[in-house]
Amino acid sequence: MEILIKPILTEKMTIQGDKLNRYGFIVDRRANKLQVKEAVEQMYNVIVVDVNTMNYRGKTKSRYTKAGMIVGRTNHYKKAIVTLKNGDKIDFYSNI
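Position labels on residues start from 1 in each chain and follow its written sequence. With the structure being a predicted model, the display of local features is reserved for residues of pLDDT at least 70 and the display and counting of side-chain atom pairs for 80 or more, all residues being used for whole-chain, interface and lining totals. Remark: hydrogens and water are excluded; side-chain values derive from all non-hydrogen atoms of the structure.

Colleague: Please clarify how the sheet that holds strand β6 (residues 77-84) should be interpreted in this entry.
Modeller: The strands making up a sheet are joined through hydrogen bonds of the backbone, oriented either antiparallel or parallel. Paired strands are those between which DSSP finds at least two bridges. A run of H or I in DSSP becomes a helix once it reaches four residues, and a run of E becomes a strand once it reaches two; helices and strands are each numbered from the N terminus. Taking strand neighbours across the sheet as the criterion, the four strands line up as β1-β2-β6-β3 in an open arrangement whose pairing is antiparallel. One side of each edge strand has no neighbouring strand; the edge strands of this open sheet are β1 (4-7) and β3 (48-56). Taking each pair of neighbouring strands and ignoring which way they run, the sheet shows an average axis angle of 30 degrees. Here β1 pairs with strand β2 (residues 22-27) via three bridges, running antiparallel. Of the residues in β2, the one forming a bridge with Lys 6 is Ile 26. Only heavy atoms enter the contact rule, under which two residues are in contact if any of them lie within 4.5 Å. As a rule, the C-alpha atoms of each element are fitted with a line to give its axis, helices using only the stretch in contact, and angles between N-to-C directions run from 0 to 180 degrees. Contacts from helix α1 (residues 11-19) reach β2 and β6, with the element oriented near 135 degrees to β2. In the packing of helix α2 (residues 33-44) onto the sheet, contacts are made with β1, β2, β3 and β6, and the angle to β3 comes to roughly 120 degrees.

As structure tokens, then:
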């Protein structure tokens, strides 16, 4: 099971990374906090102090087209906010 799906690279998470040493990830919905902590520590070689997780339900979306109204839904997902030890940093742009 791939635990870390992708990092969250928004303005809000960038500010939290600079000020509070917190980083956000979209993670597998079945993963628990211990698995998220282990995955981040292995992938980025940092020490994780705290993990907060939150589940999001997919929103229903609808739009009008020539063929009529189309109704669909975005995916459910789980978000994890990881707090690192002081002095540790994650640079998402290093391997570009």
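Colleague: Please clarify how the nonpolar core should be interpreted in this entry.
Modeller: It is characteristic of soluble globular proteins that their nonpolar side chains tend to be buried jointly. If you look at the biggest cluster of nonpolar residues, it comprises 17 residues, and the most contacted ones within it are Phe 25, Val 36, Val 40, Val 82, Leu 84 and Ile 90. Those elements that place two or more of their residues in this core are β2, α2, β3 and β6. With near-sequence residues (within four places) excluded, Ile 90 lies in contact with Tyr 23, Phe 25, Val 40, Tyr 44, Val 46 and Leu 84. Note on terminology: a nonpolar core comprises buried Ala, Val, Leu, Ile, Met, Phe, Trp, Tyr and Cys residues joined through side-chain atoms within 4.5 Å. Buried means the residue's accessible area, taken with a 1.4 Å probe over protein chains only, is under 20% of the maximum for its type, while exposed means over 50%, and partly exposed covers the values in between.

Colleague: Can you walk me through the layout of surface pockets in this structure?
Modeller: If you roll a probe as big as a water molecule over the atoms, it shows you where there is empty space left. Counted as a void, the largest pocket has a volume near 220 Å³. A 1.4 Å probe that fits into a set of points on a 1 Å grid over the protein atoms alone but cannot get out defines a cavity; an open set with protein on both sides within 12 Å along at least five of seven lines defines a pocket, and lining residues are those with an atom within 4 Å of a point. In terms of lining residues, the largest pocket is bounded by 14 residues, among which Thr 14, Tyr 23, Ile 90, Phe 92 and Tyr 93 are the most central. Among the elements of the structure, α1 and β2 are those that each provide at least two residues to the lining of the largest pocket. Ranked by residues supplied to the lining of the largest pocket, first place goes to α1 with four residues. Only Asp, Glu, Lys and Arg are considered charged, only Ala, Val, Leu, Ile, Met, Phe, Trp, Tyr, Cys and Pro nonpolar, and every remaining residue, Gly among them, polar. Its residues placed into classes, the lining of the largest pocket shows seven nonpolar, four polar and three charged. Grid points are joined across faces, edges and corners, and a volume is the space filled by probe spheres set on the points.

Colleague: What should I look at first to understand the pairing of β2 in this one?
Modeller: Among the six residues of β2, five are classified as buried, and the element is accordingly described as predominantly covered. Note: β2 against β6, six bridges, orientation antiparallel. Bridge assignment links Val 27 to a residue of β6, and that residue is Lys 78.

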